[in-house]
Amino acid sequence: MRIRLHLRHSRTLATFLMLAPLLLLSATAELQAQVLAELDAFWEEVSRTVAEGDFDGYSATYHPDAVVIFGMTTQPITSALAGWEEGFADTRAGRNTASVDFRFSVRRNDDSTAHETGIFRYEARSASGEGSAQFIRFEALLVKRGQWKMLMEFQQDPADEAEWEALGTGSG
(Lines give C-alpha, C1' and ligand atoms only; values in the text may rest on other atoms or scores of the structure.)
Protein backbone atom coordinates (compact mmCIF):
# COMPACT_ATOMS: atom_id res chain seq x y z
CA MET A 1 0.00 0.00 0.00
CA ARG A 2 2.75 2.40 0.86
CA ILE A 3 4.54 1.74 -2.45
CA ARG A 4 1.36 2.36 -4.42
CA LEU A 5 0.79 5.67 -2.71
CA HIS A 6 4.35 6.65 -3.49
CA LEU A 7 3.94 5.73 -7.17
CA ARG A 8 0.74 7.72 -7.43
CA HIS A 9 2.44 10.80 -6.00
CA SER A 10 5.38 10.23 -8.34
CA ARG A 11 3.02 10.21 -11.32
CA THR A 12 1.37 13.40 -10.12
CA LEU A 13 4.76 15.05 -9.69
CA ALA A 14 5.89 13.81 -13.11
CA THR A 15 2.71 15.16 -14.71
CA PHE A 16 3.19 18.51 -12.97
CA LEU A 17 6.80 18.71 -14.08
CA MET A 18 5.78 18.01 -17.67
CA LEU A 19 3.01 20.60 -17.60
CA ALA A 20 4.85 23.34 -15.67
CA PRO A 21 6.89 24.57 -18.66
CA LEU A 22 3.74 24.75 -20.79
CA LEU A 23 1.95 26.74 -18.11
CA LEU A 24 4.94 29.04 -17.77
CA LEU A 25 5.09 29.56 -21.55
CA SER A 26 1.38 30.30 -21.63
CA ALA A 27 1.69 32.85 -18.81
CA THR A 28 4.71 34.43 -20.51
CA ALA A 29 2.86 34.67 -23.83
CA GLU A 30 -0.12 36.29 -22.10
CA LEU A 31 2.15 38.82 -20.37
CA GLN A 32 3.94 39.55 -23.65
CA ALA A 33 0.62 40.11 -25.43
CA GLN A 34 -0.52 42.43 -22.63
CA VAL A 35 2.72 44.44 -22.74
CA LEU A 36 2.55 44.78 -26.54
CA ALA A 37 -1.07 45.94 -26.27
CA GLU A 38 0.02 48.57 -23.71
CA LEU A 39 2.88 49.70 -25.95
CA ASP A 40 0.56 49.85 -28.96
CA ALA A 41 -1.77 52.04 -26.88
CA PHE A 42 1.19 54.27 -26.00
CA TRP A 43 2.06 54.82 -29.69
CA GLU A 44 -1.61 55.39 -30.52
CA GLU A 45 -1.68 58.10 -27.85
CA VAL A 46 1.40 59.74 -29.39
CA SER A 47 -0.36 59.68 -32.77
CA ARG A 48 -3.55 61.13 -31.28
CA THR A 49 -1.75 64.00 -29.57
CA VAL A 50 0.09 64.97 -32.75
CA ALA A 51 -3.10 64.86 -34.87
CA GLU A 52 -5.05 66.94 -32.33
CA GLY A 53 -2.27 69.38 -31.52
CA ASP A 54 -2.44 68.27 -27.88
CA PHE A 55 0.92 69.59 -26.69
CA ASP A 56 0.32 68.78 -23.02
CA GLY A 57 -0.76 65.24 -23.87
CA TYR A 58 2.25 64.77 -26.13
CA SER A 59 4.62 66.11 -23.49
CA ALA A 60 3.13 63.69 -20.97
CA THR A 61 4.25 60.71 -23.08
CA TYR A 62 7.88 61.51 -22.15
CA HIS A 63 9.69 60.78 -18.91
CA PRO A 64 10.73 64.08 -17.29
CA ASP A 65 14.41 63.16 -17.78
CA ALA A 66 13.98 62.04 -21.39
CA VAL A 67 16.66 62.69 -23.98
CA VAL A 68 16.11 63.11 -27.70
CA ILE A 69 18.84 62.36 -30.21
CA PHE A 70 18.89 63.86 -33.69
CA GLY A 71 21.69 62.19 -35.65
CA MET A 72 24.85 63.16 -33.77
CA THR A 73 23.34 65.67 -31.31
CA THR A 74 21.45 65.16 -28.08
CA GLN A 75 19.26 67.41 -25.98
CA PRO A 76 16.86 67.16 -23.08
CA ILE A 77 13.30 66.56 -24.20
CA THR A 78 12.31 69.86 -22.59
CA SER A 79 14.42 71.71 -25.17
CA ALA A 80 13.01 69.70 -28.08
CA LEU A 81 9.44 70.22 -26.84
CA ALA A 82 9.99 73.97 -26.67
CA GLY A 83 10.93 73.90 -30.36
CA TRP A 84 7.90 71.78 -31.29
CA GLU A 85 5.28 73.66 -29.26
CA GLU A 86 4.41 76.18 -32.00
CA GLY A 87 3.64 73.38 -34.48
CA PHE A 88 1.25 71.82 -31.95
CA ALA A 89 -0.46 75.19 -31.45
CA ASP A 90 -0.84 75.61 -35.22
CA THR A 91 -2.39 72.14 -35.49
CA ARG A 92 -4.74 72.76 -32.57
CA ALA A 93 -5.81 76.09 -34.13
CA GLY A 94 -6.42 74.49 -37.54
CA ARG A 95 -3.61 76.37 -39.30
CA ASN A 96 -2.09 73.04 -40.31
CA THR A 97 -2.65 69.32 -40.03
CA ALA A 98 -0.18 66.80 -38.68
CA SER A 99 -0.03 63.06 -38.26
CA VAL A 100 2.48 60.47 -37.14
CA ASP A 101 2.32 56.70 -37.49
CA PHE A 102 4.75 54.03 -36.35
CA ARG A 103 5.90 50.69 -37.70
CA PHE A 104 8.36 48.45 -35.93
CA SER A 105 11.17 46.20 -37.07
CA VAL A 106 12.25 45.09 -33.57
CA ARG A 107 10.34 45.19 -30.29
CA ARG A 108 12.16 44.11 -27.14
CA ASN A 109 10.51 44.42 -23.76
CA ASP A 110 9.64 43.04 -20.41
CA ASP A 111 6.80 44.23 -18.21
CA SER A 112 8.48 47.54 -17.25
CA THR A 113 11.05 48.39 -19.95
CA ALA A 114 10.97 48.46 -23.74
CA HIS A 115 13.30 49.11 -26.65
CA GLU A 116 11.42 49.75 -29.89
CA THR A 117 13.06 50.11 -33.31
CA GLY A 118 11.33 51.06 -36.54
CA ILE A 119 10.26 53.89 -38.78
CA PHE A 120 7.83 56.68 -38.12
CA ARG A 121 5.94 58.54 -40.81
CA TYR A 122 5.36 62.19 -39.98
CA GLU A 123 3.26 64.41 -42.19
CA ALA A 124 2.51 68.09 -41.72
CA ARG A 125 0.50 70.21 -44.14
CA SER A 126 -0.44 73.86 -44.10
CA ALA A 127 -4.04 74.96 -44.54
CA SER A 128 -3.27 75.46 -48.26
CA GLY A 129 -2.13 71.84 -48.53
CA GLU A 130 1.61 72.48 -48.72
CA GLY A 131 3.80 69.95 -46.97
CA SER A 132 4.99 66.42 -47.26
CA ALA A 133 5.52 63.16 -45.45
CA GLN A 134 8.84 62.20 -43.91
CA PHE A 135 9.93 58.69 -43.04
CA ILE A 136 12.47 58.56 -40.20
CA ARG A 137 14.24 55.55 -38.71
CA PHE A 138 14.03 55.68 -34.94
CA GLU A 139 14.69 53.88 -31.70
CA ALA A 140 12.95 54.49 -28.42
CA LEU A 141 13.54 53.39 -24.85
CA LEU A 142 10.50 53.35 -22.64
CA VAL A 143 9.93 52.67 -18.96
CA LYS A 144 6.72 51.87 -17.19
CA ARG A 145 6.13 53.82 -14.01
CA GLY A 146 2.38 53.38 -13.78
CA GLN A 147 2.16 54.36 -17.44
CA TRP A 148 4.64 53.92 -20.27
CA LYS A 149 6.94 56.93 -20.72
CA MET A 150 9.57 57.49 -23.37
CA LEU A 151 13.00 57.90 -21.82
CA MET A 152 15.02 58.17 -25.03
CA GLU A 153 14.01 58.96 -28.60
CA PHE A 154 16.69 58.50 -31.24
CA GLN A 155 15.69 59.95 -34.60
CA GLN A 156 18.31 58.36 -36.81
CA ASP A 157 18.18 59.04 -40.53
CA PRO A 158 15.62 59.26 -43.31
CA ALA A 159 13.98 56.12 -44.64
CA ASP A 160 11.95 55.82 -47.81
CA GLU A 161 8.41 54.73 -48.51
CA ALA A 162 9.54 51.29 -49.73
CA GLU A 163 11.21 50.63 -46.38
CA TRP A 164 8.07 51.83 -44.62
CA GLU A 165 5.89 49.52 -46.69
CA ALA A 166 8.25 46.59 -46.06
CA LEU A 167 7.46 46.84 -42.35
CA GLY A 168 3.79 46.15 -43.06
CA THR A 169 1.02 47.59 -40.96
CA GLY A 170 2.67 48.58 -37.74
CA SER A 171 1.18 49.51 -34.44
CA GLY A 172 0.50 52.90 -33.06
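In what follows, the accompanying structure is described. (Residues numbered from 1 in each chain as written. Predicted model: local features only at pLDDT ≥ 70, side-chain atom pairs only at ≥ 80, totals over all residues. Heavy atoms only, no water.)

### Things to note about the overall build of the protein chain
The condition that has to hold: A run of H or I in DSSP counts as a helix once it spans at least four residues, and a run of E counts as a strand once it spans at least two, with each numbered from the N terminus. Burial here depends on accessible area, computed with a 1.4 Å probe over protein chains only, as a share of the maximum for the residue type. Under 20% is buried, over 50% is exposed, and the range in between is partly exposed. Should any heavy atoms of two residues lie within 4.5 Å, those residues are considered in contact. Using the Shrake-Rupley algorithm and a 1.4 Å probe, accessible areas are obtained, with residue cover drawn only from the displayed protein chains.
The secondary structure content of the protein chain amounts to four helices and six strands. The linear arrangement of helices and strands in the protein chain, starting from the amino end, is α-α-β-β-α-β-β-β-β-α. Counting all 172 residues of the protein chain, 33% fall into the buried class. Taking all contacts inside the protein chain whose residues are at least 6 apart in sequence as the whole, residues at least 24 apart take part in 57%. Accessible surface, the protein chain: about 10500 Å² in total, of which carbon and sulfur atoms supply 58%.

### Things to note about the side chain of Glu116
Inclusion rule: Two N or O atoms form a polar contact when they lie within 3.5 Å of each other; inside protein one atom must be a possible hydrogen donor and the other a possible acceptor, and for residues adjacent in sequence the pair counts only when both atoms belong to side chains.
By the secondary structure assignment, Glu116 is in strand β4 (residues 113–126). Only 2.8 Å separates the side chain of Glu116 from the side chain of Trp43, close enough to count as a polar contact. What Glu116 contacts, discounting residues up to four positions off in sequence, is Leu39, Trp43, Phe104, Val106, Arg107, Phe138, Glu139, Ala140 and Leu142.

### A short note on the pairing of strand β5 (residues 131–145)
Counted only if it meets this: When DSSP finds at least two bridges between two strands, those strands are taken to pair.
Examined bridge by bridge, β4 and β5 share 13 bridges and lie antiparallel to one another. Each residue of the ladder has a partner; that of Phe120, found in β5, is Ile136. Counted along the chain from β4 to the antiparallel partner β5, the turn is four residues long, and its residue Gly129 has a positive phi close to 95°. Direction of pairing for β5 relative to strand β6 (residues 147–158): antiparallel, over a ladder of nine bridges. Each residue of the ladder has a partner; that of Ile136, found in β6, is Pro158.

### Remarks on the side chain of Glu153
Let me state the cut-off plainly: Charge assignment in this entry is limited to Lys and Arg as positive and Asp and Glu as negative, and neither His nor the chain termini are counted. Here a salt bridge means any side-chain nitrogen of Lys or Arg lying within 4 Å of a carboxyl oxygen belonging to Asp or Glu.
In this structure, Glu153 sits in strand β6. With no salt bridge to any partner, buried Glu153 finds its closest opposite charge in Lys149, at an N-O distance of 14 Å. Contacts of Glu153, omitting those with residues within four sequence positions, involve Tyr58, Tyr62, Val67, Val68, Ile69, Trp84, Phe120 and Glu139.

### What about the pattern of salt bridges?
Under the defined criterion, the tally for this structure stands at 12 salt bridges. Of the charged contacts, one joins Asp40 and Arg107 as a salt bridge, the two residues approaching to 2.8 Å between their closest N and O atoms. A residue pair is termed long-range when its members are at least 10 positions apart, and Asp40 in helix α1 (residues 2–52) and Arg107 in strand β3 (residues 96–109) qualify at 67 residues. Residue Asp90 is joined to Arg95 by a salt bridge in which the shortest nitrogen-to-oxygen separation is 2.9 Å.

### Re the sheet that holds β3
Note the cut-off: All axes are obtained by fitting lines to C-alpha atoms, using only the stretch in contact for helices, and the reported angles, taken between N-to-C directions, cover 0 to 180 degrees.
Across the sheet, which stays open at both edges, the six strands sit in the order β2-β1-β6-β5-β4-β3 with mixed pairing between neighbours. A strand with exactly one partner marks an edge of an open sheet, and here the two such strands are β2 (73–76) and β3. The average undirected angle you get between the axes of adjacent strands in this sheet is 25°. The pairing of strand β1 (residues 62–70) with β6 spans five bridges and is classified as parallel. Paired with Ile69 across the strands is Phe154, a residue of β6.

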